[in-house]
Amino acid sequence: MEATSEQLLWMYEKMIEIREYEETMARVYLEAKLPPKIQKGLAFDIGAGPVPGEMHLAAGQEPVAVGVCAHLRRDDTVVGAHRPHHFAIAKDVDLNAMTAEMYGKATGLGRGKGGHMHLFDPAVKFSCSGIVGAGAPQACGAALAAKKLGTDAVAIAFFGEGAANQGAFHEALNLAALWKLPVVFVVEDNKYGISVEKSASTAIASNADRAVAYGIPGVLVERNDALAVFEAAGEAVARARRGEGPTLIEVKTDRYFGHFQGDPETYRPKGEAKALRQHDPIPALGATLRARGLLDDMADAALRERVSARVQAAYDFGRNSPYPEPQDALLHVFAE
Amino acid sequence: MSTTTTTRRLTMAQAISEATAQEMARDPRVFVMGEDVGKYGGIFSATTGLLEQFGPERVMDTPISETGFMGAALGAAAEGLRPISELMFVDFFGVCFDQIYNHIAKNHYMSGGACKVPLVITTGIGGGYNDAAQHSQCLYSIFAHVPGLKVVVPSNAYDAKGLMTSAIRDDNPVVFLYHKGIMGLSWMSYFEGSTTEVPEAQYTIPFGQARVVREGRDLTIVTLSQMVQKSVLAADQLAAEGISAEVLDLRTLVPLDRAAVLASVAKTGRLLVADEDYLSYGLSGEIAALVAENLDTLRLKAPVRRLAVPDVPIPFSRPLEQFAIPQVDNIVASARGLMSFKLD
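Residues numbered from 1 in each chain as written. Chains lettered and ligands numbered in written order. Predicted model: local features only at pLDDT ≥ 70, side-chain atom pairs only at ≥ 80, totals over all residues. Heavy atoms only, no water.

Draft legend 1. Seen up close, the layout of surface pockets. All names here are of chain B. Computed from the structure, the largest pocket encloses a volume of approximately 410 Å³. Broken down by secondary-structure element, the contributors of at least two residues to the lining of the largest pocket are helix H6 (140–145), strand E12 (252–254) and helix H10 (283–293). For the lining of the largest pocket, the residue count by class is twelve nonpolar, four polar and two charged. (1 Å grid on protein atoms, 1.4 Å probe; cavity = no way out; pocket = protein on both sides within 12 Å on 5 of 7 lines; lining within 4 Å. Points joined across faces, edges and corners; volume = space filled by probe spheres on them. Helix = DSSP H or I, 4+ residues; strand = E, 2+ residues; numbered from the N terminus. Nonpolar A, V, L, I, M, F, W, Y, C, P; charged D, E, K, R; others polar.)

Next comes the structure, spelled out in structure tokens:
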């Protein structure tokens, strides 16, 4: 499946947006968390600063999100995982509200009740979960709903390779295959489940091989490349829309930051993250665009300026929005 | 013009499946999924007749994959459908509790009210027929402990139909727990009080309204589910001894009708909680705490008494199980004990 010029430009711009978003968050998140502002003996204060809680960044994994979401419509469902920003941005989740949620502000997607691992934007059918593997059955449910409602909408479940060892993953694959659900399971193999290397957690090299057990197509994308993902996902999404059932895709990708911000990364060979950046998928796609005459220096600069303004506006919105009233903690347990 | 309401005697199982069928006919978004809910009609007959009436698209037999289909029910509910998802025995919740308590219960809250989760989880509870520790628990307190789930525990067919209709129409996740020993199954002895007259027409019973099953003046028995029937039998015996027991059926744990408990205890001055769940950290403690917190206005004539499973897994052998699960005689004895107490 050949990407159109429009799709190529969209993927490129979204990748830059995700990268800028994550690099900005990497800085903002550390504000007031490091010495000397905090007490002696602490290396890091996770609850301090403008963005409290854990923070899982996805810089480096952009190709997975944009390569899949390039095929999606607003009425398609995406269920992400605990490292959700790249999926959310690629699914056009409201950037201001998403950022405000991470600051815990009243203007956030969940009015400050969810935080970075629990982003819900029903307007574009996006959700995610902090529980590894939990989204796969939920994507089956969204696909089941599409089937029952007679639409040709599809559902995507994104998760890391660690999740493929959860029971929920296997139950979801069986269910989707059994009921021929319009769902695509996308595994991001970033090589690490927190600190544990894939080789120490998974008995086989490629999770795509596990598709055989459920009688569905399994596709391994070996390159952290937006066009390679685009191609694999295009076929899978089209199959799903045609009512031919689910596909399992595994993409070998790279995580530039630690599992979480502040992760000492003692499990990682020294210099690995830096080395990974030598194969950055963003300039690679930029070069393709240039070769096809879709991009030049001026257009690139204009695009980057546009993205920067958007990202900066989102962080400004998040930072400057008001906190919820403390007693609002009591609201929204039940729908009225 | 006058309307006549036809009523028939129905078992609780029939009442639940009738409520479901009527809602499915009224609302095309409602569908049923779970293990053996189709051809089998539900292992405890809660879905009998639905497959014939609505077909396999709306009455879906699932694989034995509780995480898979509970998660799918959530995904479908998030898209605007209204699934009824049966967890065969409540004891199996451990297999899928992540989907229930981390997602189904919390997504509305974490989304700041943006996402609704209108689904019903039905499940069988209770012992008394020697099915041992993994098939005999009640466990409703665990669901009630997690914010975001409504918890319904009916004691009879009339209530079951009205509460089930309300559950399906509720925009929130509702856990609907029916005791196997009052479903009116042909293969299990059951308490007569649970099979009742039930109107054919649809009706709802609001959540959070306890029912005074039997009025009394000497003590209040707060209870629910099959223990309602046991408490009524106990109240009959007590009446013969001149003790007048009021029996209060909670019907829903979340929301809990605290006012009804307090009003009854204010009247009688004595409280016995009769529960088939475990004793510690559960419903009986909750009710006792409620009364304790209101001792500034309530006057008790005796300490609070609790009857529940004494913190052991439900044993298999008949004498062991009969000992562990509170019986009519235990209720009678506890009530007598309350009456003999003299507070200064």
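Draft legend 2. Main features of empty space enclosed by the protein. Under the criterion given, the structure shown has two cavities of 30 Å³ or more. Here the largest cavity is characterised by a volume of approximately 50 Å³. Lining the largest cavity are Val79, Gly80, Ala81, Ser129, Ile131, Val132, Gly133, Ala134, Gly135, Ala136, Phe158 and Phe159 of chain A. Mapped onto the lining of the largest cavity, the elements with two or more residues apiece are strand E1 (77–80), helix H5 (135–149) and strand E3 (155–160) of chain A. Its residues assigned to classes, the lining of the largest cavity comprises eight nonpolar, four polar and no charged. Size it by volume and the second largest cavity reaches roughly 30 Å³. As for the second largest cavity, its lining consists of Ile16, Thr20, Val32, Ala46, Thr47, Ile84, Glu86, Thr122 and Met164 of chain B. For the lining of the second largest cavity, the elements supplying multiple residues, two or more each, are helix H1 (12–26) and strand E4 (82–89) of chain B. Taken together, the residues of the lining of the second largest cavity sort by class into five nonpolar, three polar and one charged.

Draft legend 3. Region of the structure containing the pairing of strand E5 (residues 120–125) of chain B. All names here are of chain B. Within E5, six of the six residues are buried, which leaves the element mostly enclosed by the surrounding structure. Looking at chain direction, E4 and E5 are connected through five bridges and run parallel. Within E5, the residue paired with Phe89 across the bridge is Gly124. Pairing of E5 with strand E7 (residues 174–179), which is carried by six bridges, proceeds in the parallel orientation. Paired with Gly124 across the two strands is Tyr178, which belongs to E7. (Buried < 20%, exposed > 50% of the residue type's maximum accessible area, 1.4 Å probe, protein only. Pairing = 2+ DSSP bridges.)

Draft legend 4. Spatial organisation of the sheet that holds strand E8 (residues 247–252) of chain A. Residues and elements named next belong to chain A. Sheet architecture is open: six strands sit in the order E2-E1-E3-E4-E8-E7, paired in parallel fashion. Looking at the sheet topology across the chains shown, the edges are occupied by strand E2 (126–128) and strand E7 (218–221). Across the sheet, the mean angle separating the axes of adjacent strands is 15° when strand polarity is ignored. Sheet topology note: the E1/E3 ladder contains three bridges and is parallel. Bridge pairing links Val79 to Ala157 in E3. Sheet strands touched by helix H2 (residues 62–69): E1, E3, strand E4 (183–189) and E8. Its angle to E3, the strand with the most contacts, is close to 170°. Contacts from helix H7 (residues 226–241) reach E3, E4, E7 and E8, with the element oriented near 170° to E8. (Axes fitted to C-alpha atoms, helices over the stretch in contact; angles between N-to-C directions. Contact = heavy atoms within 4.5 Å.)

Draft legend 5. Structural context of the packing of aromatic side chains. Scanning the entire structure with this criterion turns up 14 aromatic pairs over all chains. Each ring, one from Phe87 of chain A and one from Phe158 of chain A, has its centre 4.0 Å from the other, and the planes form 10°; the classification is stacked. With Phe87 of chain A in helix H3 (residues 85–90) and Phe158 of chain A in strand E3, this pair connects stretches of sequence that are 71 residues apart. Phe158 of chain A matches Phe87 of chain A in its accessibility class, with the two residues each being buried. Between Phe93 of chain B and Phe97 of chain B, the ring centres sit 4.3 Å apart and the planes meet at 70°, which makes this aromatic pair edge-to-face. Here Phe97 of chain B and Phe93 of chain B lie together in helix H4 (residues 93–104), a separation of four residues that amounts to about one turn. Residues Phe93 of chain B and Phe97 of chain B agree in their burial class; the two are buried. Here the aromatic residues Phe44, Phe89, Phe92, Tyr178 and Trp187 of chain B are joined through ring pairs into a cluster of three or more. Stacked on the ring of Phe31 of chain B, the Lys or Arg Lys148 of chain A has its end atom at 4.4 Å from the ring centre. The ring of Phe334 of chain A carries the charged tip of Lys150 of chain B above its face, separated from the ring centre by 5.4 Å. (Phe/Tyr/Trp six-rings, centres within 6.5 Å; stacked < 30°, edge-to-face > 60°. Lys NZ or Arg CZ within 6 Å of the ring centre and 35° of its normal.)

Draft legend 6. Spatial organisation of the packing of helix H8 (residues 226–240) of chain B against helix H12 (residues 328–340) of chain B. All names here are of chain B. Where H8 contacts H12, the two axes come as close as 8 Å, and the packing angle between them is 55°. On the basis of the axis angle, H8 is oblique to H12. For the pair H8 and H12, the crossing hand works out as right-handed. Contact residues: H8 offers Met227, Lys230, Ser231, Leu233, Ala234, Gln237 and Leu238, while H12 offers Val328, Asp329, Ile331, Val332, Ala335 and Arg336. For the contact of H8 with H12, the class distribution of residues is eight nonpolar, two polar and three charged. (Parallel < 35°, antiparallel > 145°, perpendicular 65-115°, else oblique. Left-handed = near helix turned anticlockwise from the far one by under 90°.)

Spatial relationships are all this shows, so hold off on functional conclusions.
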